[in-house]
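So the chains spell out like this:
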Number of protein chains: 2
Amino acid sequence: MIQPETSRPFRIVDCTLREGEQFALAAFTTEQRIAIATKLDAFGVDVIEMTTPVASPRAEADLRRVVDLGLQAEIAAHIRCSRMDAEVALACGVDALHLVMGTSPQLRLHSHGRDLLGILEVAREVLPHIVGRGASIRFSCEDAFRTPMRDVLRIAQVVEDLGVSRIGIADTVGCATPDEVAQRVSVLRAAVNCDIEFHGHNDGDCAVANAWAAWRAGATHIDVTVLGIGERNGIASLGGLIARAAQSAPHSVQRYRIDQLLSLDQQVARALGIEVPFNACITSPTAFSHKAGMHTKAVLAEPTCYEALNPADFGRTREILVGHTLVGRHAISERARLLGLSLDDASILSATRALKNLTDSGAISSDSVDDFLKERAARSTPSTLNS
Amino acid sequence: MIQPETSRPFRIVDCTLREGEQFALAAFTTEQRIAIATKLDAFGVDVIEMTTPVASPRAEADLRRVVDLGLQAEIAAHIRCSRMDAEVALACGVDALHLVMGTSPQLRLHSHGRDLLGILEVAREVLPHIVGRGASIRFSCEDAFRTPMRDVLRIAQVVEDLGVSRIGIADTVGCATPDEVAQRVSVLRAAVNCDIEFHGHNDGDCAVANAWAAWRAGATHIDVTVLGIGERNGIASLGGLIARAAQSAPHSVQRYRIDQLLSLDQQVARALGIEVPFNACITSPTAFSHKAGMHTKAVLAEPTCYEALNPADFGRTREILVGHTLVGRHAISERARLLGLSLDDASILSATRALKNLTDSGAISSDSVDDFLKERAARSTPSTLNS
């Protein structure tokens, strides 16, 4: 059931400047777009997907600006399967065209009004004009997880024959489970030779698990955004993908500057006017905080006891929380040691008990704990000081 | 590979007042604990797990207070595998004892210093004294996903024979994938007759997917917290589990008051001094917001086009965002209709273009969009008004 970890790398398609712009709170300025693209490139993402240039005058101007930065990452425009949209994007000098077309019964009826043959007809009309024009082409089946799999395969095989270099399979409404993703990607992997990209929303809180399942089943490219921002409650986050991969396939993240993840997340959070959420992998302010006595005791002896990831790999430091009622004597002992205080075991135990009582009605700061310990040390050793 | 959806229900073990208290920012007052327990009970969670009463005087007093509320939910104390801890908890009148003991090589060495035989010895010493005392007993293997599976099975079979009613299997460091969870739970399911509980951390962003995999593989009880708060970046969230289940197995959530999820999440967020994060399933402020033109067009025709969950089931309403540069003419047309404005197709198209330009340098409020549309309507129909 469990497939062997593959040495095949994944490629990261960052969609912060496309899907991320569809997040309710996002309204990036030109300067922010350039700063984010530059930072994504420094991190090492493989593809930067941007909003279609036909969305607005500034969308087009900013796409050109980002193309002109001459970044290492491929710059892709996310466009409808339309010759006009493609021409505008090509004129901007993009490296890749990311075509998208709804394939589910729901989107056939309410998005573009075409049935399966109609979808294939549009693909046959548009693709021959844009293939071989200097940009690679991805064709994504929007809402692929509510599309009959035979239709996904039919479309994939037709567009592959027409020259696209990558098929996208999107869980647009966030309804898929990892099992379903693994199954569909496996089937698609058997049916086409080209690359496969997975895009998954987080409505069912499975976006990163689904992305992981997609990669393991044969997907080559994974869509993410910084912090996971996107329509509704978003898609797979870059940090989540990195956290998952760093645990099970550390070789796969070596090509990325994972030490820059924190500043990347913080930069985008600032641009959105939000905080990095507490539940973010790696970059949450508390991602490497340890609180309960049982945890801190073991972490002080051996950090891997309660850390699947090494904070230092991400430029982060572990924090042992002490100003709360769940504090244990090992954490207090370590704090006293760091402060250079000499307190014997009995003193540590009584200080711990006193701190538990003190913080039972509310947490206090680490500085207050330090003051408390210094005072206890001073009280417990007057004779030594005076001798 | 995909198992049929089961009609077997899952039971929710809410750990907000235990694991949640280990979240760095948590420091609940007695009043907050009572309010949260009461609200969890109204929601319908099956078990409310609370911090061990030996943690502090207030922990013990508050456990008694919550027991005395006489809630429908079972009240459990999370304790070490210790006769003393169990006696204190039993004296508080709990319905269940949730024993935990580290089983991985890491925790054997650094948490309690006992090898496998030592763990079994402690279980054999403690359990006979506490079985049959009026509280059901769960024994959880902490860090079970880094424990050799044969050891997990050995422990599980011994403690089942000693009379526990449930075995816990915990992904304590958040290292497991859904495949691994499914595999271990399946094996455990075959080895014991008692209930099985899964507890999973979110360090690899797979907590909810793992919980889902555990249930499908045979787990009976799933640990969650409100918002997913817990050590580091937390565990599976109640909202995430409900969102996942409501999609694939709607019958399984019928016994819960899912319309109260929003106020529950908001209540805990307030107690923590944080916002409900944007990435929360169902209860994120933007969980049912639709922004891009392609999305809003289809959602206005048929909401399920971009909604896997019905917001009304959760007491929420969908929002069509209009004050941004990705706005489409269908969203503007609908907004005009709601305002009772008569604008023909050409006017809608030109208003949409004008709005895209206007918001290209920054989003505006919906009220501003309304004013903009009213003004255009007034300008476009002077002759009608004068005639």
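Calculation notes
Note that residues are indexed from 1 along each chain, following the sequence as it is written. Chains and ligands are labelled sequentially in the order written, the chains with letters from A and the ligands with numbers from 1. Local features are withheld for residues below a pLDDT of 70 in this predicted model, meaning they are given only at 70 or higher, and side-chain atom pairs are given and counted only at 80 or more; totals for whole chains, interfaces and linings count all residues. Side-chain descriptors were evaluated using all non-hydrogen atoms of the structure, hydrogens and water having been removed beforehand. In this text, helices come from DSSP runs of H or I with a minimum length of four residues, and strands from runs of E with a minimum of two, each type numbered from the N-terminal end. Here's how the labels work: a residue is buried when its accessible area is under 20% of the maximum for its type, exposed when over 50%, partly exposed in between, all with a 1.4 Å probe on protein chains only. We call two residues in contact whenever any of their non-hydrogen atoms come within 4.5 Å of each other. Note on areas: Shrake-Rupley with a 1.4 Å probe; residue coverage comes only from the protein chains shown. Neither His nor the chain ends contribute to the count of charged residues, in which Lys and Arg are positive and Asp and Glu negative. Where a charge sits is defined by one atom per residue type, namely NZ (Lys), CZ (Arg), CG (Asp) or CD (Glu). Buried area: the sum, over both parts, of the accessible surface (1.4 Å probe) that disappears when the two are put together. The rule for a salt bridge is simple: a side-chain nitrogen of Lys or Arg has to be within 4 Å of a carboxyl oxygen of Asp or Glu. Within 3.5 Å is the distance limit for a polar contact, defined as a pair of N or O atoms, with the added protein rule that one can donate a hydrogen and the other accept it, and that residues adjacent in sequence qualify only through two side-chain atoms. Think of it this way: DSSP has to see at least two bridges between two strands before they count as a pair. All axes here are fitted lines through C-alpha atoms, helices being fitted over the stretch that makes contact, and every angle between N-to-C directions spans 0 to 180 degrees. Least-squares superposition aligns the copies on the C-alpha atoms of those residues with pLDDT at or above 70 in both. Each domain span listed reflects an automatic or database assignment of domains. Any residue that is not Ala, Val, Leu, Ile, Met, Phe, Trp, Tyr, Cys, Pro, Asp, Glu, Lys or Arg is counted as polar, Gly included; the first ten are nonpolar and the last four charged. Aromatic rings from Phe, Tyr and Trp, taking only the six-membered ring of Trp, are treated as a pair when their centres fall within 6.5 Å; an angle between ring planes under 30 degrees marks them as stacked, one over 60 as edge-to-face, and anything in between as tilted. Small angles under 35 degrees read as roughly parallel and large ones over 145 as roughly antiparallel, with 65 to 115 read as roughly perpendicular and the rest as oblique.

**Remarks on the overall build of chain A**
Right, on to step 1. Looking only at helices and strands, chain A features 15 helices and 10 strands.
Right, on to step 2. For chain A, the spread of C-alpha atoms along the principal axes amounts to about 95 × 45 × 35 Å.
Right, on to step 3. Taking all 387 residues of chain A together, 64% fall into the buried category.
Right, on to step 4. Taking the contacts inside chain A whose residues are at least 6 apart along the sequence as the reference set, 72% of them involve residues at least 24 apart.
Right, on to step 5. Here chain A displays about 13800 Å² of accessible surface, and carbon together with sulfur accounts for 49% of that area.
Right, on to step 6. When the 39 basic and 47 acidic side-chain charges of chain A are each reduced to a single mean position, those positions are 2 Å apart.

**Considerations on the interface of chain A and chain B**
Right, on to step 1. Counting residues at the interface gives 88 residues for chain A, matched by 87 residues for chain B.
Right, on to step 2. Regarding the contact of chain A and chain B, the summed buried area is about 7200 Å², with carbon and sulfur atoms giving 57% of it.
Right, on to step 3. Run the count over chain A and chain B and you get two salt bridges.
Right, on to step 4. Taking the shortest distance from any N to any O, the salt bridge between A:Asp179 and B:Arg216 comes out at 3.6 Å.
Right, on to step 5. Counting the contacts that link chain A with chain B gives 37 residue pairs in polar contact (both at pLDDT 80 or more).

**Side note on the sheet that holds strand β8 (residues 221–224) of chain B**
All names here are of chain B.
Right, on to step 1. The strand order around the closed barrel formed by eight strands is β1-β2-β3-β4-β5-β6-β7-β8, and the pairing between neighbours is parallel. With strand direction ignored, the average angle separating the axes of adjacent strands in the sheet is 25 degrees.
Right, on to step 2. Bridge count for strand β4 (residues 96–102) against strand β5 (residues 136–142) is seven bridges, and the pairing is parallel. Residue leucine 99 lies in a different strand from β5, and its bridge partner there is phenylalanine 139.
Right, on to step 3. Together, β3 (74–80) and β4 form the strand contacts of helix α3 (residues 83–91), whose direction differs from that of β3 by roughly 160 degrees.

**Topic: the relation of the copies chain A and chain B**
Each of the two chain copies can be brought onto the other by rotation about an axis and movement along it.
Right, on to step 1. The transformation that overlays chain A on chain B combines an axial shift of 0.0 Å with a rotation of 180 degrees, and the residual RMSD is 0.0 Å. Put plainly, the chains are arranged around a two-fold axis.

**Examining the domain arrangement of chain A**
Residue and element names in this part refer to chain A.
Right, on to step 1. Here chain A is partitioned into domain 1 (11–272) and domain 2 (289–384).
Right, on to step 2. One C-alpha centre belongs to domain 1, the other to domain 2, and the line joining them spans 46 Å.
Right, on to step 3. With seven residues of domain 1 at the interface, the matching set in domain 2 holds five residues.
Right, on to step 4. Approximately 520 Å² of surface area, both sides summed, lies buried where domain 1 meets domain 2, with 76% of it carried by carbon and sulfur atoms.
Right, on to step 5. The interface formed by domain 1 and domain 2 contains zero salt bridges.
Right, on to step 6. Across the contact surface, domain 1 and domain 2 share zero residue pairs in polar contact (both at pLDDT 80 or more).
Right, on to step 7. No other element matches the four residues that helix α9 (residues 238–248) contributes to the side of domain 1 that touches domain 2.
Right, on to step 8. Considered class by class, the residues forming the side of domain 1 that touches domain 2 number five nonpolar, one polar and one charged.

**Some remarks on the pattern of salt bridges**
Right, on to step 1. Scanning all chains against the criterion turns up 38 salt bridges over all chains.
Right, on to step 2. For A:Arg335, the salt bridge goes to A:Asp370, with nearest N and O atoms at 2.8 Å. Taken as a pair, A:Arg335 in helix α12 (residues 329–338) and A:Asp370 in helix α14 (residues 366–380) lie far apart in primary sequence, 35 residues in all. Like A:Arg335, the residue A:Asp370 is buried in the burial classification.
Right, on to step 3. Among the ionic pairs, B:Asp259 bridges to B:Arg257, the shortest N-O distance being 3.0 Å.
Right, on to step 4. Judged by relative accessible area, B:Asp259 falls into the partly exposed class, the value being 37%.
Right, on to step 5. Connected via shared salt-bridge partners are A:Arg18, A:Glu19, A:Glu49, A:Arg138, A:Arg166 and A:Glu197.

**Some words on the packing of aromatic side chains**
Right, on to step 1. Counted according to the given criterion, the structure contains 12 aromatic pairs over all chains.
Right, on to step 2. Ring centres 5.1 Å apart and planes at 55 degrees place the aromatic pair A:Phe278 and B:Phe23 in the tilted group. Of this pair, A:Phe278 sits in the loop between α10 (261–272) and β9 (289–290) while B:Phe23 sits in the loop between β1 (11–17) and α1 (30–43), which puts the two residues in different chains. Here A:Phe278 matches B:Phe23 in class, with each residue buried.
Right, on to step 3. Here the aromatic rings of B:Phe10 and B:Trp215 are separated by 5.3 Å at their centres, their planes lie at 85 degrees, and the arrangement is edge-to-face.

**Some words on the packing of α12(A) against α14(A)**
Residue and element names in this part refer to chain A.
Right, on to step 1. Running from amino to carboxyl end, α12 crosses α14 at an angle of 75 degrees, the nearest separation of the two axes being 10 Å. Our classification of the angle between α12 and α14 gives roughly perpendicular. Counted together, Ile332, Arg335 and Ala336 of α12 and Ser366, Val369, Asp370 and Leu373 of α14 form the full contact between these two elements.
Right, on to step 2. Residue classes in the contact of α12 with α14 are distributed as four nonpolar, one polar and two charged.

**Digging into the environment of B:Glu125**
Residues and elements named next belong to chain B.
Right, on to step 1. Structurally, glutamate 125 is set in helix α5 (residues 116–130).
Right, on to step 2. What makes glutamate 125 partly exposed here is its relative accessible area of 48%.
Right, on to step 3. Separated by 43 residues in sequence, glutamate 125 and serine 82 have C-alpha atoms that sit 8.9 Å apart.

**As for the side chain of A:Thr51**
Residue and element names in this part refer to chain A.
Right, on to step 1. For threonine 51, the location among the structural elements is in the loop between β2 (47–50) and α2 (57–68).
Right, on to step 2. Residue classification places threonine 51 among the buried residues on the basis of a relative accessible area of 9%.
Right, on to step 3. Polar side-chain contacts of threonine 51 include one of 3.0 Å to the backbone oxygen of leucine 17.
Right, on to step 4. A distance of 3.1 Å separates a polar atom in the side chain of threonine 51 from a polar atom in the side chain of glutamate 21.

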